Structures are given as structure tokens and as C-alpha cells.
Amino acid sequence: MRPIAGVTANLSVYTAFTEPGDVMLSLSIPNGGHITYGPKRVGGTAGSVRGLDVEYLPFDVNAMNVDVDGTKRKVERLASEGRKPRMVVFGGSLFLFPHPVRELADYLKSMEITVAYDGAHVMGLIAGGEFQDPLREGADVLMGSTHKTLPGPQGGVILSWERYSDRIKRAVFPSNVSNHHLHHVAGKAIVFAEMLAFGRDYASQIVRNARRLAEELAARGFKVLGEPMGYTRSHQVVLDVTRNGGGLAVEKRLEESNIIVNRNLLPYDPKEGRSYRDPGGIRIGVQEVTRLGMAEGEMVDIAEFIYRAVLKGEPPERVAADVAEFRKGFNRVKYAFDSTIDAYEYIGLRR
Ligand SMILES: *Cc1c(COP(=O)(O)O)cnc(C)c1O
């Protein structure tokens, strides 16, 4: 519980399971990787802080997923060059479908490669029994943030097996954290209590909402990634807006319409000359609107707002006013205890 953010959790895992100079395999940023996996030349945490030698996991753009056979071939090739990876990190920030942990864990472990899973984005889905179950599928360690689909205070968390506990604790303190920011510890306890009580309902509604929003956007003419696999199994919906003015313009137009999304690199952006400043994609997360009580019906409304703002070209002020009116009906946090007292009772603390 002591990592103060997902970045600190990742760095602590790198510290526990690798030495500087070791080879690490993870997704590149356009394929969904996070800056914490980056090599030194791009200022990524793995390269510039832990001194890891980063190689990228092969990625299948059609399936929007890690390529299982390609990964085995890459490990074999690196091993034959005397650069066998020490660790593989699954997970990412652009994350539509479960990663093939089950398919690769035994193979990787037979090669004495640590299997890590960065669940920063999907931790709440995992807690709620959706998406995938990385530790039981074979991961050695699961790390992540406490503030993405897990709806807690900002912080990090590491989950692993008893056999690794001492080295992980040592890697957190004294290596990466001296004081663990006590103000968010009780908040983390409450979010775990809430996930025990409401997590299944919350996670399953998030995934149903994302799927529905993707379908409604596709039906209105947007190019939605992951179509062959049903668009998404997470909280995310990813649009290719290269035909609609690009990520920067669409993000801005939606913001003027009171709809907050983020522009995002797509796997094929670098090849087509686009950078993170004006990438080809838009990434939408439905976890917050879901926590305000929105369900499939509201996803239809949201798709329509996005359509009006981006494809139909209505003035953003007009859409913004309608969005504000629509939003008025959703002002209470759901999947939560009515009071903090309920949460403390749930987790059995004495008052
Ligand atoms: C956000 C994110 C992190 C870092 O999380 P912070 O808690 O913001 O430091 C790490 N990994 C992935 C995949 C992320 O998306």
C-alpha cells in the first residue's frame, strides 16, 4: 500500500526484480505502453531511472493486443544474442482487451523471466471480477494506481505472492518511498471496502457502458478501434479521428462542448508521421460517468453529443448547454457507502 503513485509502484517492482542493465520487454507508447516503461532515449522511467535496457513487446494492431508467438520469437532471439529479458511487463494505458498472461506466463517462467502486470488502468475492473485476473493467470506481481478504474484517492499499490513480499517491501522502503503519504491510507482502505461491497456491480456496469458507447459511436459513423473483437472489454473506447480533424482538434472541440476526453497516440501514428501533440486518436473512459450512475441509456445520449459536436458540426456552445443540462441529473457518487462510518464498520475498524 505504500507506493505513492503508479509510477512509484512500477519503479519499486523494477527495483525488486531487476538490476540496472537488464533487458525488459513491455509495450511501446503508441501501442499503449506507459511512460514508465520507456527507454532512456525518450526519458522513460525504466530506462532513465532504473537503467533498464527496454525492448518492445510485439503487438498485433488488428487484435489490439500483445502478439503471443511474436513475443516467444523475440525472447528466443534476444536470448540467442545474450540479452535474455529479466522481466516482461504486461498492461498499458491504451488498454482495450485482456493481455495474454495465461498464454505466456508458463513459457516466460520456464525462461526465468519475471512476469509483471501493470494494472494501473484496470485495477478496479480486476477487483470487480472483470477483464482478467493477472495473478491467478500466472503473473508474479500486479502493480498499479488506486485512482483510475479503482475509484480511490491517488496512490499506488502492489499485489504479489508471499514468496516475494520481503523483496518488494524493501524495494518500496527504503528504496523508493520514505514516507508513504499517510493522508491517503484511510482513503485507500475505504475504496477497498467499497470494492468488496459494490465492485462487481460497478465493474460490470463500466464494461457494459464502454461496449455500448463504442457501438453507438460506430453506428453514428465514427471509426472505433477493436471492432473485430467487439470494440472493448475494458472501460475504454478508442476512436481513430484522423478523418475528423485529428486528435488535437477533436479533443478541443469536445472540451468546448463540455465533454472531457484525451487525445491519444494510435499504434500506426508514428509510421504515418503523427506525434503525441496531434495524434490520430481519442481515448474515452466511462468509469467516472458510470460512478455517477449512468448506464447504457446514457451512453446513447453521450454518443449523440459527441456526434453532434464532431461529425455534425453543431456549434460547441449549443452542445455544451445540452451537456450541462443532461449532467444535472447525475450529481451523486454511486457504488459507495452513504457515509464514511459505513466503510469503517465494513472493514472492522474500531472507532
Ligand atoms: C497512469 C499509469 C501509470 C502511472 O500511474 P500514476 O498513479 O499516475 O503514477 C502507470 N502505468 C500505467 C499503464 C498507467 O496508465
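Residues numbered from 1 in each chain as written. Predicted model: local features only at pLDDT ≥ 70, side-chain atom pairs only at ≥ 80, totals over all residues. Heavy atoms only, no water.

### What about the packing of aromatic side chains?
Applicable threshold: Only rings of Phe, Tyr and Trp enter the pairing, Trp through its six-membered ring, and a pair is recorded when the two centres are within 6.5 Å. The plane angle decides the type: under 30 degrees is stacked, over 60 is edge-to-face, the rest tilted. Numbering of helices and strands runs from the N terminus; a helix is a DSSP stretch of H or I covering at least four residues, while a strand is a stretch of E covering at least two. Only protein chains enter the calculation, and the probe is 1.4 Å; a residue is then buried if its accessible area is under 20% of its type maximum, exposed if over 50%, and partly exposed in between. Note on criteria: charge over ring means Lys NZ or Arg CZ within 6 Å of the ring centre, with the direction from the centre no more than 35 degrees off the ring normal.
As enumerated under the stated definition, the model contains seven aromatic pairs in all. Residues Tyr-202 and Tyr-335 carry aromatic rings whose centres are separated by 5.0 Å and whose planes lie at 40° to one another, so their mutual orientation is tilted. With Tyr-202 in helix H7 (residues 185-219) and Tyr-335 in the loop between helix H11 (316-327) and helix H12 (340-346), this residue pair connects regions lying 133 residues apart in the sequence. Seen from their ring centres, Phe-305 and Phe-326 are 5.3 Å apart, and the 70° between their planes marks the pair as edge-to-face. Pair noted here: Phe-305 is in helix H10 (residues 296-311) and Phe-326 is in helix H11, with a separation of 21 residues, a long-range link. Taken individually, Phe-305 and Phe-326 each receive the classification buried, so the pair is uniform in this respect. Members of the aromatic cluster, each reached through a chain of ring pairs, are Phe-95, Tyr-117 and Phe-131. The side chain of Lys-72 reaches across the aromatic face of Tyr-107, ending 5.6 Å from its centre.

### Quick notes on the sheet that holds strand E12 (residues 281-285)
Strand pairing in a sheet relies on backbone hydrogen bonds, with the paired strands running either antiparallel or parallel. We apply this condition: Strand pairing is assigned whenever DSSP detects at least two bridges linking the two strands.
The strand order E9-E10-E12-E11 describes an open sheet built from four strands, whose pairing is antiparallel. Both outer strands of the open sheet, strand E9 (223-224) and strand E11 (262-264), are each paired with one neighbouring strand and no more. In the sheet, strand E10 (residues 236-240) pairs with E12 via five bridges, with the strands oriented antiparallel. In the sheet register, Leu-239 faces E12, and the bridge partner there is Ile-282.

### Concerning the sheet that holds strand E8 (residues 156-160)
Our working definition: Comment: axis = line fitted to C-alpha atoms, over the contacting stretch for helices; angle = value between 0 and 180 degrees taken between N-to-C directions. Residue contacts are counted whenever heavy atoms from the two residues lie within 4.5 Å of one another.
Pairing is mixed in the open sheet, where six strands are placed in the order E2-E1-E5-E6-E7-E8. A single partner strand is all that each edge strand has here, and the edge strands are strand E2 (53-56) and E8. The sheet shows a mean angle of 25° between the axes of neighbouring strands, taken without regard to direction. Lying on the sheet, helix H3 (residues 68-80) is in contact with strand E1 (23-26) and E2; it crosses E1 at an angle near 165°.

### So, the environment of Tyr-335
We classify Tyr-335 as partly exposed; its relative accessible area is 21%. For the pair Tyr-335 and Met-195, spaced 140 residues apart in sequence, the C-alpha separation works out to 8.1 Å. Setting aside anything within four residues of it in sequence, one finds Tyr-335 in contact with Glu-194, Phe-198, Asp-201, Tyr-202, Gln-205, Thr-290 and Arg-291.

### Details of unusual backbone geometry
A cis geometry characterises the amide bond from Phe-173 onward to Pro-174, with omega recorded as 15°. Along the chain, Pro-174 turns up in helix H6 (residues 165-176). In this model, His-181 sits at a positive phi of 55°, which is unusual for a non-glycine residue. Structurally, His-181 can be placed in the loop between H6 and H7. Here His-181 falls in the partly exposed class, since its relative accessible area comes to 29%. Phi at Tyr-335 takes a positive value of approximately 55°, unusual for a residue other than glycine.

### Remarks on the packing of H7 against H10
Selection criterion: Left-handed describes a crossing whose near helix is turned anticlockwise from the far helix through less than a right angle; right-handed describes the clockwise counterpart.
Contact pair H7 / H10: the axes reach a minimum separation of 8 Å and the direction vectors enclose 40°. Considering the relative orientation of H7 and H10, their crossing is right-handed. When H7 is examined against H10, the residues Gln-205, Arg-208, Asn-209, Arg-212, Leu-213, Glu-216 and Leu-217 are found in contact with a partner set consisting of Glu-296, Met-299, Val-300, Ile-302, Ala-303 and Ile-306.

### What about the domain arrangement of the protein chain?
To keep things clear, this is the line we draw: The domain limits used here are those given by an automatic or database domain assignment. Take the accessible area each of two parts loses on contact, using a 1.4 Å probe, and add the two losses: that sum is the buried area. Classification used: nonpolar for Ala, Val, Leu, Ile, Met, Phe, Trp, Tyr, Cys and Pro, charged for Asp, Glu, Lys and Arg, polar for all others including Gly.
Assigned domains of the protein chain: these are domain 1 (6-180) and domain 2 (192-327). A C-alpha centroid distance of 26 Å is found between domain 1 and domain 2. Opposite the 28 residues of domain 1 that make contact, domain 2 presents 30 residues. Of the roughly 2300 Å² buried where domain 1 meets domain 2, counting both sides, 71% is carbon and sulfur surface. With three residues, helix H5 (residues 123-127) is the largest single contributor of residues to the side of domain 1 that touches domain 2. Here the side of domain 1 that touches domain 2 is composed, by residue class, of 18 nonpolar, eight polar and two charged.

### Looking at the side chain of Glu-194
The following threshold applies: Polar contacts, as used here, are pairs of N or O atoms within 3.5 Å; protein pairs need one atom able to donate a hydrogen and one able to accept it. Residues neighboring in sequence count only if both atoms are side-chain atoms.
Counting through the fold element by element, Glu-194 comes out in helix H7. Since its relative accessible area comes to 10%, Glu-194 is described here as buried. A polar contact of 2.8 Å, which involves the side chain of Glu-194, links it to the side chain of Arg-291. Non-local contacts of Glu-194, meaning those with residues more than four positions away in its chain, are made with Gly-199, Arg-291, Tyr-335, Ala-336 and Phe-337.

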